[in-house]
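Each chain is listed here by its residues.
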Amino acid sequence: MSKSKRLNVSSGGAYESVFGYSRAVRLIDDIHVSGTCAPADHEHSDAYTQAKAVLDVIEKVLKEAGASTQDVVRTVVYLRDIDDAEGVAKAHLERFDKVRPASTLIQVTSMLRPWQRVEIEAYAKVS
């Protein structure tokens, strides 16, 4: 990738064109993955299952941007209900146990859709 090129990665989510954003952006060696929620087919899933689905989407867009979960240096996790922290932490640990990125966990009052339980941002550095 050229040092001056910007790469926008779409996950195909319908809201990307409504809001005007990319699922991920790579500029030089930095990759920023937007806040990501589970796809609509997880409407009735628990927080653990939603978090795993979110991390699958993040892993896919990182790959499209030329990175992997091994390159993740920071995550930010938003929960609607703090009681879901244990399940979401379990999914995060399963994906990042060997990487151990810096991370923040925040409870929020709402998300775009009422069934969404977790949203995760990720930041990666590719060397």
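Check the entry above for the structure.
Summarised in this report is the structure supplied together with it. Keep in mind that this is a model prediction, so the values were computed, not measured.

## Here's the deal with the overall build of the chain
Moving on, step 1. A tally of helices and strands in the chain yields 3 helices and 6 strands.
Moving on, step 2. Sequence-ordered secondary structure for the chain, helices as α and strands as β, is β-α-β-β-α-β-α-β-β.
Moving on, step 3. For 127 residues, the compact-globule estimate of 2.2 N^0.38 gives 14 Å, and the C-alpha radius of gyration of the chain, at 14 Å, lies within 12% of that figure.
Moving on, step 4. Projected onto its principal axes, the C-alpha positions of the chain cover 45 × 35 × 20 Å.
Moving on, step 5. Across the 127 residues of the chain, 40% fall into the buried class.
Moving on, step 6. Within the chain, counting contacts between residues at least 6 apart in sequence, those at least 24 apart form 72% of the total.

## Brief notes about the packing of aromatic side chains
Moving on, step 1. All told, the structure shown has 1 aromatic pair when counted by the stated rule.
Moving on, step 2. Considering the side-chain rings of Phe 19 and Tyr 21, the 5.8 Å spacing of their centres and the 70 degrees angle between planes classify their relative orientation as edge-to-face.
Moving on, step 3. Over the ring of Tyr 48 we find Lys 90; its NZ or CZ atom is 4.7 Å from the centre of that ring.

Conventions used here
- Residues numbered from 1 in each chain as written.
- Predicted model: local features only at pLDDT ≥ 70, side-chain atom pairs only at ≥ 80, totals over all residues.
- Heavy atoms only, no water.
- Helix = DSSP H or I, 4+ residues; strand = E, 2+ residues; numbered from the N terminus.
- Rg over C-alpha atoms; globule rule 2.2 N^0.38 Å.
- Buried < 20%, exposed > 50% of the residue type's maximum accessible area, 1.4 Å probe, protein only.
- Contact = heavy atoms within 4.5 Å.
- Phe/Tyr/Trp six-rings, centres within 6.5 Å; stacked < 30°, edge-to-face > 60°.
- Lys NZ or Arg CZ within 6 Å of the ring centre and 35° of its normal.

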